[in-house]
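# Observations on the model geometry
Below are the chains, spelled out letter by letter.
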Amino acid sequence: MSIDKTPAPAGGRHRVGTPEAAPTAHAAPTAHTAVDPRLLVREQGIGGYIAEFKRKLHAGDLGSIPVVIGLVLICAIFQSLNSQFLSAQNLSNIAVTMVATGMMAVGIIFVLLLGEIDLSVGAVSGVSGAIVAVLSVTHGMNEWLSVLAAVAGGAVIGALHGFFFARIGAPAFAVTLAGLLFWQGFMLQLLGSQGTINLDGDGIVAKLTTYYFSDVAAAYGLAGLAVAVFFVSASTDARRRRAAGIPSRPLGDIVLRTVLLAAVSFAAAYMFNQYKGLPLALVLFLAVLVTTDFVLRRTAYGRKVFALGGSVEAARRAGINVTAVRISVFAIAGTFAAVGGLFWASKIAAANQSAGAGELLMNVIAAAVIGGTSLFGGRGRTWNALLGVMVIVSIQYGLALEGIATPIQFMITGGVLLATVVIDSVTRKTQKTAGRA
């Protein structure tokens, strides 16, 4: 009996059951090829998904289901306490406020996928706001150029951290902790003795969180576009899988998912139109989520990131440039930290000495982890940033409506984060027991 010694594709355990593992047309008719049951679910309709849910429940792999359930419970509880929680104005304010933290959480997710951490993102976000304010207000530079300089600065800072980690071999925790202190001091130096620089209220940065598409067609049009793109993408993917002889989603399943997405999208569009309209900040955030999700799930670079999170040594033997990928991931984290800093500066229409301080770093990491990204690396999606930040900001707004003090808000958010980490740890142990780690 011959043994297939073809190297496994990059990504290790994350590539089980992928098209590359499918039997070829030259396989012997009598050969019995093991097929990952997770692929067969696509062809078994609702019954298959029920069986898949039971299997995941037994293996401790529920994905984002606990977060969604938790978010529903949060909304139900706060709405019962205050009827204004689910008002169009409050939900729109939540959507705008969560973007800054969410942008930074997207960058952190890339780092967490490697099984590492970046403690400097809060300070880098403060530096970003300071650069824009100093260049555009103090020195009169074109605001677009100031914004580009701030984002580029974040990328360079992140790459510098990645260099010390990946090339020199210093622990990422220590490198980014040093970065936190250094860049916080650098921000204070930039702002000078004045400490606060007000931004132009009609400028580009200010409009990031104050501009709304007031025409009702904008919100409904974006909802319709999202639904159409999802249906076409899912249908195309299913057709390609069938052509390749790989299990694919049945049409009924695609239609059901499309209907659910349409219900959520148009309900959100209706809600936004009851207040000021579709927020520009949310549009930009959704665009970032779609783009980064595509990069992670559909490109060779994304597979390399997951491969490193699964096993660095296996990734190195597969020919992946580990150093380059690590540096690039920290550069991405720095870039999104800078982008998040611009949104924070927009929110307060200024750059000040408190930017990037306080609970921001905790909230960014908590958003990624609560959303479903594993602290142990190798598991997560950028959409986790959306779910996680919705949970955090919803709790903050709900408690604020009830007049609960900030210390209690910190305690509750910390408790939610601890519960999420415990669930992540238990899930990992359960998966090891089930032979899936």
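The paragraphs below set out a description of the structure included in this document.

The rules behind each value
- Each chain has its residues counted from 1, running along the sequence as written.
- Confidence filtering applies because this is a predicted model: local features only for residues at pLDDT of at least 70, side-chain atom pairs given and counted only at 80 or more, and all residues used for totals across whole chains, interfaces and linings.
- Only hydrogens and water are set aside; all other atoms, that is, all heavy atoms of the structure, feed into the side-chain values.
- The helix count covers DSSP runs of H or I at least four residues long, the strand count covers runs of E at least two residues long, and both are numbered beginning at the N terminus.
- Per-residue accessibility, obtained with a 1.4 Å probe over protein chains only, is compared with the maximum for each type, and a residue is labelled buried under 20%, exposed over 50%, and partly exposed between these values.
- We call two residues in contact whenever any of their non-hydrogen atoms come within 4.5 Å of each other.
- The accessible surface values rely on the Shrake-Rupley method and a 1.4 Å probe; as for residues, cover is taken only from the protein chains in view.
- Note on aromatic pairs: the rings of Phe, Tyr and Trp (six-membered ring only in Trp) are paired at centre separations within 6.5 Å, and the planes decide the class, stacked below 30 degrees, edge-to-face beyond 60, tilted for the rest.
- To estimate the expected span of a helix, subtract one from its residue number and multiply by 1.5 Å.
- Orientation is described by axes fitted as lines to C-alpha atoms, over the contacting stretch for helices, and by angles from 0 to 180 degrees between their N-to-C directions.
- These descriptions rest on fixed angle ranges, namely under 35 degrees for roughly parallel, over 145 for roughly antiparallel, 65 to 115 for roughly perpendicular, and the rest for oblique.
- A crossing counts as left-handed when the near helix is turned anticlockwise from the far one by less than a right angle, and as right-handed when that turn is clockwise.
- Salt bridges are counted wherever a side-chain nitrogen of Lys or Arg sits within 4 Å of a carboxyl oxygen of Asp or Glu.
- N or O atoms within 3.5 Å of each other form a polar contact, as long as, within protein, one can give a hydrogen and the other can take it, and as long as residues adjacent in sequence are counted only when both atoms are side-chain atoms.
- A patch is a set of surface residues, each over 30% in relative accessible area and not in a salt bridge, joined within 9 Å for like charges and within 5 Å for the nonpolar side chains Val, Leu, Ile, Met, Phe, Trp and Tyr.

### A look at the overall build of the protein
Helices and strands together make up the secondary structure of the protein, namely 17 helices and four strands. Out of the 437 residues in the protein, the part that is buried amounts to 44%. Contacts in the protein between residues far apart in sequence, at least 24 positions, make up 79% of those at least 6 positions apart. Looking at the protein as shown, the accessible area adds up to about 21,600 Å², and 66% of this sits on carbon and sulfur atoms.

### Quick word on the packing of aromatic side chains
A full pass over the atoms with the stated rule returns seven aromatic pairs. Plain terms: the ring middles of Trp183 and Phe186 are 5.6 Å apart, the flat faces sit at 90 degrees to each other, and that makes the pair edge-to-face. In this pair, Trp183 and Phe186 are both assigned in helix 7 (residues 172–191), three residues apart and thus about one turn of the helix distant. We classify Phe186 as partly exposed; its relative accessible area is 33%. Where Tyr220 meets Phe266, the ring centres are 6.3 Å apart and the plane angle is 20 degrees; that geometry is what we call stacked. Pair noted here: Tyr220 is in helix 9 (residues 216–243) and Phe266 is in helix 10 (residues 251–273), with a separation of 46 residues, a long-range link. Of the residues examined, Tyr220 reaches a relative accessible area of 31% and is grouped as partly exposed. A relative accessible area of 34% means that Phe266 is categorised as partly exposed. Put simply, the rings of Phe182, Trp183 and Phe186 pair up and form one aromatic cluster.

### As for helix 14 (residues 322–348)
Over its 27 residues, helix 14 extends 40 Å from the first C-alpha to the last, a length consistent with the 39 Å expected when each residue adds 1.5 Å. Directly after helix 14, the chain includes Ala349, whose backbone phi takes a positive value near 55 degrees.

### A few points about the packing of helix 9 against helix 10
The description of two helices packed together rests on the angle between their axes and the distance between the axes. For the pair helix 9 and helix 10, interaxial distance at closest approach is 9 Å and the crossing angle is 165 degrees. Between helix 9 and helix 10, the interaxial angle falls into the category roughly antiparallel. Considering only the axes of helix 9 and helix 10, their crossing is right-handed. Judged by residue contacts, Val216, Ala219, Tyr220, Ala223, Gly224, Ala226, Val227, Phe230, Phe231, Ala234, Ser235 and Ala238 of helix 9 engage Ile254, Val255, Arg257, Thr258, Leu261, Ala262, Ser265, Phe266, Ala269, Tyr270 and Asn273 from helix 10.

### As for the pattern of salt bridges
Scanning the entire structure with this criterion turns up six salt bridges. With a shortest N-O distance of 3.1 Å, Arg381 and Asp293 are connected by a salt bridge. Of the two residues, Arg381 sits in the loop between helix 15 (360–370) and helix 16 (383–401) while Asp293 sits in helix 11 (residues 280–298), which places them 88 residues apart along the sequence. Accessibility expressed as a relative area gives 37% for Arg381, which makes it partly exposed. Three or more residues joined by partner-sharing salt bridges are found here, namely Asp293, Arg297 and Arg381.

### Points about the side chain of Ser346
Along the chain, Ser346 falls in helix 14. When near neighbours in sequence (up to four residues on either side) are disregarded, Ser346 contacts Val205, Ala206, Lys207, Leu208 and Thr209.

### Let's talk about helix 6 (residues 143–168)
An ideal rise of 1.5 Å per residue puts 38 Å on 26 residues; helix 6 measures up with 36 Å between its terminal C-alpha atoms. Among the residues making up helix 6, those that are buried are Glu143, Ser146, Val147, Ala150, Gly154, Ile157, Gly158, His161, Gly162, Phe165 and Ala166. Buried positions along helix 6 lie against helix 5 (121–138), helix 7, helix 8 (204–210) and helix 14. With a side-chain oxygen positioned 2.8 Å from the backbone nitrogen of Trp144, the residue opening helix 6 is Asn142. Gly169 sits one or two residues past helix 6 and shows a positive phi near 95 degrees.

### Topic: the environment of Tyr397
Take Tyr397: it is sitting in helix 16. With 12 residues separating them in the primary sequence, Tyr397 and Gln409 have C-alpha atoms 9.7 Å apart. Among all residues touching Tyr397, those that are not within four sequence positions of it are Asn90, Asn93, Ile94 and Thr97. Of the polar contacts made by the side chain of Tyr397, one reaches the side chain of Thr97; its length is 2.7 Å.

### A word on a nonpolar patch on the surface
A contiguous nonpolar surface patch, about 460 Å² in accessible area, is contributed by Ile65, Ile69, Leu73, Ile77 and Leu81. In this fold, Leu73 is placed in helix 3 (residues 65–81). Among the residues examined, Leu73 registers a relative accessible area of 48% and is labelled partly exposed.

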